[in-house]
Each structure stands twice: as structure tokens, then as C-alpha cells.
Amino acid sequence: SMIPGLFGGGQAQSLLDGQRQRLMGQIGEDLNNTLLYVYRDLSDAEAAALVRAIAERRDRAAFATLFGFYAGRLKGWTMRHGAGAEAAEEIAQEALLTMWRKADLFSPDRASVSAWLFAIARNLRIDRARREQRARQHLLTEVFEEEDPDRPDGLLDVAEREDLPAAHAFER
């Protein structure tokens, strides 16, 4: 299934996830009623016309066609560039939902639909990597801040419990 469960990331991420699930639920009916697997390539003109239909009429069938054509390609590209399967699926979905939300910003004079979508996916992948890096740094900071500055080495507690007889022997 191309609709994953929620993943963590705070209140803003939860809102995005909820928005994604609502939109995917609304579009899910169209996905079931539309040709999901396009067996031939979409021309740039055909893809641009579908994006235009989304921008002008919020055409869910046009979105479903683009979703069916690009979701697997975006997921595969994202996995080849270092994302795990679940993250790649989420990035592919978010890229396509960004297309849905920002279809009116697409300009066929500036890029093809494919180039636009892959640029969106690339930026989402970079954003995710940065968030994960910040989370790792925050976790490391918390670990080091929890250490008592008066006792920087937790091993002292073990030695203290043994009354330090061996440690005093080295001082003589």
C-alpha cells in the first residue's frame, strides 16, 4: 500500500500526516477507479495537461493518473539515493501531495512535470536528512547534559561502592 501510517516528528509533522491521510483518503476512491498503472510513458505535454487540470479543477482523476505513474518512480529514485523503503514511500507521497497543493505554481516553461516532481522529492529527502541529523545531535546533547559535571565518569560510582581499597593502594 502506498499509504503509510503516521510517523513521529512533533505537532507540525502530525498535522502534515493528518492532512496527507485525509487527502489520500479522498483521492483513494479515485485511485481505485482510475488506471493506476500507465504502461506507456506520459509525454511532457500530457503530464503538464494533467497538472493543469489539477490546478484549474482539482481534478482527482488527473492526480490519480500522475500518482500511478510517478509514485513508484519517485520511491525507487529516493531509495537509490539512500532512503529506506518506508521513508522513500513517505517522500514519494509527500512529493505528489505537494504537486496537488501547488499545482498552480507549475510552469511547463521552466521544467517538465518529471523534473519538478523529482526536485520536490530531492528537497524533501534533504529536509528529512537534516531533521534526522538534528534529532541525533539533540539526543547526543541530552546524553552528555545528563552526566553530573562533578562526576564526569560514571565508573567512580562503582569504585565508591567497593570502598576504594585498591585505588588507595596506588597512592602509596
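Before reading further, recall that the structure is shown in the block above.
Residues numbered from 1 in each chain as written. Predicted model: local features only at pLDDT ≥ 70, side-chain atom pairs only at ≥ 80, totals over all residues. Heavy atoms only, no water.

K.L.:
Would you mind showing me how to read the overall build of the chain here?
P.N.:
Helices and strands together make up the secondary structure of the chain, namely 7 helices and 0 strands. The linear arrangement of helices and strands in the chain, starting from the amino end, is α-α-α-α-α-α-α. Across the 172 residues that make up the chain, the buried fraction comes to 34%. In the chain, once contacts between residues fewer than 6 apart in sequence are set aside, the share between residues at least 24 apart is 68%. With an accessible surface of roughly 11200 Å², the chain has 53% of that area assigned to carbon and sulfur atoms. (Helix = DSSP H or I, 4+ residues; strand = E, 2+ residues; numbered from the N terminus. Buried < 20%, exposed > 50% of the residue type's maximum accessible area, 1.4 Å probe, protein only. Contact = heavy atoms within 4.5 Å. Areas by Shrake-Rupley, 256 points an atom, 1.4 Å probe, with all protein chains shown as cover.)

K.L.:
Would you mind going over the packing of aromatic side chains with me for this structure?
P.N.:
As enumerated under the stated definition, the model contains 5 aromatic pairs in all. When the centroid spacing of 4.8 Å and the interplanar angle of 90° are considered together, the rings of Phe-69 and Tyr-70 count as edge-to-face. When its relative accessible area of 4% is taken as the criterion, Tyr-70 is described as buried. Residues Trp-77 and Phe-118 carry aromatic rings whose centres are separated by 5.8 Å and whose planes lie at 75° to one another, so their mutual orientation is edge-to-face. Remark: Phe-118 occurs in helix α5 (residues 113-146) and Trp-77 occurs in helix α3 (residues 60-80); sequence separation between them is 41 residues. By the burial criterion, Trp-77 is buried, and Phe-118 matches it. Ring pairing ties together the aromatic residues Phe-63, Phe-67 and Trp-100, which thus form one cluster. Cation over ring: Arg-58 sits above Trp-100, and NZ or CZ is 4.4 Å from the ring centre. (Phe/Tyr/Trp six-rings, centres within 6.5 Å; stacked < 30°, edge-to-face > 60°. Lys NZ or Arg CZ within 6 Å of the ring centre and 35° of its normal.)

K.L.:
Can you help me understand unusual backbone geometry in this one?
P.N.:
Despite not being glycine, Arg-58 shows a phi value in the positive range, around 50°. Considering the arrangement of structural elements, one finds Arg-58 in the loop between α2 (44-57) and α3.

K.L.:
When you look at helix α4 (residues 85-101) in this model, what are you seeing that I'm missing?
P.N.:
Because an α-helix packs 3.6 residues into every turn, residues spaced three or four apart end up facing the same way. Between its terminal C-alpha atoms α4 stretches 24 Å, which fits the 24 Å expected from 17 residues at 1.5 Å a residue. Most of α4 is tucked away: 14 of the 17 residues are buried. (Expected span 1.5 Å × (residues − 1).)

K.L.:
I would appreciate a short explanation of the packing of α2 against α3 in the present structure.
P.N.:
Packed helix pairs are characterised by how far apart their axes lie and by the angle those axes make with each other. Between α2 and α3, the least distance of the axes is 8 Å, while the angle of their chain directions is 135°. By the angle between their axes, α2 is oblique relative to α3. Relative to α3, α2 is oriented so that their crossing is left-handed. Listed contacts from α3 to Ala-47, Leu-50, Val-51, Ala-53 and Ile-54 of α2 are Ala-62, Phe-63, Thr-65, Leu-66 and Tyr-70. (Axes fitted to C-alpha atoms, helices over the stretch in contact; angles between N-to-C directions. Parallel < 35°, antiparallel > 145°, perpendicular 65-115°, else oblique. Left-handed = near helix turned anticlockwise from the far one by under 90°.)

K.L.:
I'm lost on the pattern of salt bridges in this one. Help?
P.N.:
Oppositely charged side chains are able to pair whenever their charged atoms sit close together. Taken as a whole and judged by the stated rule, the model has 7 salt bridges. As a salt-bridge pair, Asp-59 and Arg-57 come within 3.4 Å of each other at their nearest N and O atoms. The exposure class of Asp-59 is partly exposed, given its relative accessible area of 22%. The class for Arg-57 is exposed, based on a relative accessible area of 53%. Measuring nitrogen to oxygen at the nearest pair gives 2.6 Å for the salt bridge that ties Arg-101 to Glu-94. Take Arg-101: its relative accessible area is 29%, and that puts it in the partly exposed class. One network of salt bridges, with partners in common, ties together Glu-56, Arg-57 and Asp-59. (Salt bridge = Lys/Arg side-chain N within 4 Å of Asp/Glu carboxyl O.)

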